[in-house]
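Summary of structural features
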Amino acid sequence: AARRGAGPPEPGEVSMSEEPLDRIVLRYLQKRGYTDAERALRTEAKIASVSQMALVPHLGADASIADHILYYNEADSDPEALMEGYRLLREWTHHSLDLYKPELLRVLYPMFVYCHLELVAADVPELAREFHRRFASDHELAHGEETIALAGLASPAHLRSDPTALKLKQNRMPVRCCQYTFDLLVKYLHVANQMALLSILNKHVAVTVTDGDPAPEADEAARAARSTITGIGPPSFVDAFNAKKTGRWGVLEQSVEVQAMDEFEEERARAEKEEGDGDDEKDAKPMSKRSKAAAEKAKREAEEKERLEREAGNGAPAPYVPTIVKSEIPIPELSYQTRLDAVEDVRYRASVGADALPSVAFYTFTHAHGFLNCATVSKDAAIVAGGFADSAVHVWDVNKAVPGGTDLYETDPESRARRLAKDAALDAPAADRGEPGGDVAMAEKAEDARELAPGTDKNGASLSEADKPSRGSKVARPTPSTEYVGHASAVHGVSLSPGDEFLLSCSRDTTVRLWSLELKTCLAAYRGHEAPVWDVTWCDRGHYFATASYDKTARVWAMDSPSPRRVMVGHLSDVDCVAWHPNANYIATGSADRTVRMWDVASGECVRIFVGHAAGVRALALSPDGKSVASAADDGEVLVWDLGTARQTHAFVGHRGPVFSLDYAGGGRGNLLASGGADETVRLWDVAIGSGDATAKKPPKKGATLGEYTEAPRRGPTRTLRTKSTPVCAVSFTGRNLLMAMGARAPSSKAA
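Report follows, based on the coordinates. (Residues numbered from 1 in each chain as written. Predicted model: local features only at pLDDT ≥ 70, side-chain atom pairs only at ≥ 80, totals over all residues. Heavy atoms only, no water.)

**Here's the deal with the overall build of the protein**
For the protein, the count of helices and strands is 22 helices and 32 strands. Here the protein holds 752 residues, and 46% of them are scored as buried. Nonlocal contacts in the protein, meaning residues at least 24 apart in sequence, comprise 60% of its contacts between residues at least 6 apart. When the accessible surface of the protein is split by element, carbon and sulfur atoms take 53% of a total near 37600 Å². (Helix = DSSP H or I, 4+ residues; strand = E, 2+ residues; numbered from the N terminus. Buried < 20%, exposed > 50% of the residue type's maximum accessible area, 1.4 Å probe, protein only. Contact = heavy atoms within 4.5 Å. Areas by Shrake-Rupley, 256 points an atom, 1.4 Å probe, with all protein chains shown as cover.)

The following block contains the structure:
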């Protein structure tokens, strides 16, 4: 065999330096169709085929990848040889030393994927199916969704239209291994002359080489999930991307929580002042206003300091202090009545947690299994809306459904008295002028409605014994609903506005519709998406809303504009869910590409990418303090992410199937998370445990990447609540932390 530096070639023998040039010329002649010139060159240079020149043993095992790729010609590759090459690589990997085997097995999956795509591109469907049948089982545990999607690819046309194939072709799959493992792999491919596999490794796999010995993972499935294709590179690139912007992770000064805290503080200060004034009357020497104010301030500070020290001594967590941030977009004001109701809800909100679980109520849709796609409930649990597969939207008013009930928000006597006093103060100028009407008159009518005699309706008419509600009755009563018709296909998302004045619905017909609950009609239809719209949700402040679609985009809209204000582009597959940040400056999106992304509404840019799910993301929820986001996937796993550090803080397992809905309990940091899923359960998760641990807040050490330090220990649910036979399509906490759940009862599966 000829070697480098072995002297001049014999007559008629092609030299080593001339072979690459001959190959390049031959490829050029083939592409241009110069068959006569190609035949002459083959005869003169004594070349049988370009593939013969690809297998050049004289390069040796010490040649670089580029040297070998230079000799590989895709046009002359043999599909059967490619399949045999993967079989040999798989066999070599499984017979490797245990020290290197875990990292070598990570390389097998990218090689399997792109070998399959190469066979499909070569238009050999029988061989592609045989390849998938023989080797797909090796990767079903960690990559079940993608292996199933690959099984459906049978022709080159599929590669140009299938979302999974496009994602794989347009991006490189990340793999992480140490230098020893990588050198061992490349040397094997060199020695075995596996030029096709070497080309795949060079073209489609982004290998991150680390220093030190191999580091096998305890959970290789979690490692595979963190190696999800994101479109920007390997995990180290994702880590660098998340570190670019700090973000405004907090709540607005105009938020209901902050305003309620300020109002409660003012009430407490007034009460202390009145108490102090009563004590001052007993003193012989009166104090000046300035001295009195200073004394009151010192007293409050001393009491607060004493309370903090007492809580710290008992081991209790530090009291919640909201982080106030400024908004970069115009923030609409809530209506007076909506704000008043929200403040009263905060006042009487139940404090829930792992040691004080919330009460749970369930709305069951009967005879709707297979037809109910989505549902939502208002903050006072009085209005329920559902979207159905027959393109209709139904709305139920629970207050009106009770015979003798009213459509007014029922609350406690203290709250009603406080509201009447505020309304009277607002209407005092009109009352002084002798003008009728205003909130005072409306409140008086409300009081009259609440004081109806038992057995009469709101008009004073008598109710029959059959119509009177009976406590503890197990017989379901039909609840009248209002049907909204306008969509041309199935409805997949509904959302009630703050104050319950408007309803949004999104459909497979690519439109979003705005309905007035008072007028019971459609006010507007928003068109902009190019594919079915899977989710829609209102901003907590109203006016703005966000949508998620199969066209791989999320969009932000305003009620007064028919076109979107922002279009968020970046996901590699359809966007299945969207949620608003409490400060209305960000939205979170979850996609079938297994990533969660945070977007800045002001600029439309992506500011965070969270990678760790092993299946498509189906549900999202933002914590009340605006510092974390929870996401749930089709495999039942629930993950919680810290928005500031972009790292995983909690991992919850327990659901056996897709999770359809998530929601945080209101108030403070949101220490309790609720979820509902296809396994017919509602589960409660304690997110207070571990949220303050040093491991969660510890900055990554030097050289750390996202792939190493994001995984949190997995924990089970605090409580599991099972339904009789009802998949849970939505869960939501009311303003006072009553947990509402909804679902359509499934038919009995018992044999007759």
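**Description of the packing of helix 6 (residues 101-121) against helix 12 (residues 195-204)**
The N-to-C vectors of helix 6 and helix 12 enclose an angle of 105°; their axes lie 10 Å apart at closest approach. Between helix 6 and helix 12, the interaxial angle falls into the category roughly perpendicular. Here V107, M111, Y114, C115 and E118 of helix 6 lie close against helix 12, whose contacting residues are L197, I200, L201 and H204. (Axes fitted to C-alpha atoms, helices over the stretch in contact; angles between N-to-C directions. Parallel < 35°, antiparallel > 145°, perpendicular 65-115°, else oblique.)

**A short note on unusual backbone geometry**
Phi is positive for K552, close to 70°, though the residue is something other than glycine. Mapped onto the elements, K552 comes out in the loop between strand 15 (544-549) and strand 16 (553-558). Overall, the relative accessible area of 30% leaves K552 in the partly exposed class. The phi dihedral of N737 falls on the positive side, at around 70°, and the residue is not glycine. You can see N737 is positioned in the loop between strand 31 (730-733) and strand 32 (739-744). Looking at N737, the relative accessible area reads 3%, which means it is buried.

**Considering the sheet that holds strand 10 (residues 491-496)**
Taken together, 4 strands build an open sheet; the order of strands is 10-11-12-13 and the sheet is antiparallel. Each having just a single partner strand, strand 10 and strand 13 (521-527) make up the two edges of the open sheet. Between one strand axis and the next, the sheet turns by 20° as a mean value, whatever way the strands run. Judged from the 5 bridges that link them, strand 11 (residues 502-507) and strand 12 (residues 511-516) form a sheet pairing that is antiparallel. Each residue of the ladder has a partner; that of L504, found in strand 12, is L514. (Pairing = 2+ DSSP bridges.)

**Here we look at the pattern of salt bridges**
Pairing between side chains of opposite charge can happen when their charged atoms approach one another. This structure, assessed with the given rule, holds 26 salt bridges. A salt bridge links R647 to D239, with the nearest nitrogen and oxygen atoms 3.4 Å apart. One end of the pair, R647, is in strand 25 (residues 647-652); the other, D239, is in helix 14 (residues 235-242), with 408 residues separating them in the sequence. Here R647 matches D239 in class, with each residue buried. Between R349 and E257 there is a salt bridge, with the nearest N and O atoms lying 2.9 Å from each other. Separated by 92 residues along the polypeptide, R349 in the loop between helix 17 (336-347) and strand 5 (360-365) and E257 in helix 15 (residues 256-280) bring together distant segments of the chain. A relative accessible area of 26% means that E257 is categorised as partly exposed. One continuous salt-bridge network, built from bridges that share partners, spans E263, E267, R339, E344 and R347. (Salt bridge = Lys/Arg side-chain N within 4 Å of Asp/Glu carboxyl O.)

**Details of the packing of aromatic side chains**
For any pair of aromatic rings, the description consists of the separation of the ring centres together with the inter-plane angle of the planes. All told, the structure shown has 19 aromatic pairs when counted by the stated rule. With 5.2 Å between their ring centres and 65° between their planes, Y86 and F131 make a pair best called edge-to-face. Within this pair, whereas Y86 is found in helix 5 (residues 79-94), its partner F131 is found in helix 7 (residues 125-135), the two being separated by 45 residues in sequence. Both residues of the pair, Y86 and F131, belong to the buried class. Residues W538 and F545 carry aromatic rings whose centres are separated by 5.8 Å and whose planes lie at 65° to one another, so their mutual orientation is edge-to-face. (Phe/Tyr/Trp six-rings, centres within 6.5 Å; stacked < 30°, edge-to-face > 60°.)

**Quick word on the state of the cysteines**
Following the criterion strictly, the structure yields 0 disulfides and no others. The cysteine C374 is free of any disulfide, with C506 supplying the nearest cysteine sulfur at 6.7 Å. (Disulfide = S-S within 2.5 Å.)

**Thoughts on helix 8 (residues 144-151)**
Residues separated by three or four positions in an α-helix point in the same direction, a consequence of the helix having 3.6 residues per turn. Listed as buried for helix 8 are E146, T147 and L150. All buried residues of helix 8 fall inside an arc of 100° around its axis, so they share one side. In this structure, the buried residues of helix 8 make contact with helix 6, helix 7 and helix 10 (163-170). (Arc of directions from axis to C-beta.)

**Observations concerning the pairing of strand 24 (residues 638-642)**
With 5 of its 5 residues buried, strand 24 lies for the most part within the structure. Of the two faces of strand 24, both are covered, the one formed by V638, V640 and D642 as well as the one formed by L639 and W641. Here strand 23 (residues 628-633) folds back onto strand 24, and the loop between the two strands holds 4 residues, one of which, G636, carries a positive phi near 90°. Pairing analysis gives 5 bridges linking strand 24 to strand 25, with the strands arranged antiparallel. Within strand 25, the residue paired with V638 across the bridge is F652.

**Here we look at the sheet that holds strand 19 (residues 586-591)**
Reading across the sheet, the 4 strands line up as 18-19-20-21 and stay open at both edges, with antiparallel pairing between neighbours. The sheet terminates laterally at strand 18 (575-580) and strand 21 (606-611), the two strands that pair on one side only. Sheet twist, expressed as the average angle between the axes of neighbouring strands with direction ignored, equals 20°. Pairing of strand 18 with strand 19, which is carried by 5 bridges, proceeds in the antiparallel orientation. In the sheet register, W580 faces strand 19, and the bridge partner there is I587.

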